[in-house]
Amino acid sequence: AIVLLVFLILRNLSHTFLVLLPLTYSLFCLAGLMGFWNFKLDFFNVIMFPILLGIGIDNGVHLFSRYKETQNIQNSLSTTGKAITASTLTTLCGFGALAFSESPGISGIGKMAVLGMSIVYISFSVLLPQIIVLYEKYALKVEGLKDPHE
């Protein structure tokens, strides 16, 4: 359902996969770090997965949509990237406060939120721009499309 919705927004299958790749990477990293740090998934913190999916898709669609408008990833990062950073930081602060709760369940939500949102943010602010640059360099030439920088 998520892939279909992103496809309906972007109207291009390759663009859909470009946006979803950093999100998939983020979730695998989160699962790996949870295992590495022996962070157990429980009834409380499992709620963060759909929230992380939503935030990740939101970040990706906004950044990629701006890139499609400007055809310049640096410009997209300097404009929309600032908004994504501000949004992520405020959300991190809100959920991060839960990490200091005395309740283990609520504290687990906060810790999972901080870890997950940090990974999602780094993935979309570092990995997605690099994927876009590689897409510009290689895939556009294979598809026979004109390089937007020429």
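First things first, this report covers the structure right here in the doc.

Cut-offs applied
- Residues numbered from 1 in each chain as written.
- Predicted model: local features only at pLDDT ≥ 70, side-chain atom pairs only at ≥ 80, totals over all residues.
- Heavy atoms only, no water.
- Helix = DSSP H or I, 4+ residues; strand = E, 2+ residues; numbered from the N terminus.
- Contact = heavy atoms within 4.5 Å.
- Patch = residues over 30% accessible without salt bridge, like charges linked within 9 Å, V, L, I, M, F, W, Y side chains within 5 Å.
- Areas by Shrake-Rupley, 256 points an atom, 1.4 Å probe, with all protein chains shown as cover.
- Salt bridge = Lys/Arg side-chain N within 4 Å of Asp/Glu carboxyl O.
- Buried < 20%, exposed > 50% of the residue type's maximum accessible area, 1.4 Å probe, protein only.

On the secondary structure map, P22 appears in helix α2 (residues 13–36). Spatially, the C-alpha atoms of P22 and I119 are 9.8 Å apart, while their sequence positions differ by 97 residues. In contact with P22, other than residues within four places in its own chain, are S123, F124, L127, L128 and I131.

On the surface, a cluster of nonpolar side chains totalling about 670 Å² of accessible area is made up of V3, L4, L5, F7, L8, L13 and F17. Among the elements of the structure, α1 (2–10) and α2 are those that each provide at least two residues to the nonpolar patch. The greatest single-element share of the nonpolar patch, amounting to five residues, is contributed by α1. Its location among the elements puts L5 in helix α1. On the basis of relative accessibility, which here comes to 53%, the residue L5 falls in the exposed class.

Attention now goes to the side chain of S26. Tracing the backbone through its elements, the reader meets S26 in helix α2. When residues no more than four places from it in sequence are discounted, the contact partners of S26 are I119, V120 and S123.

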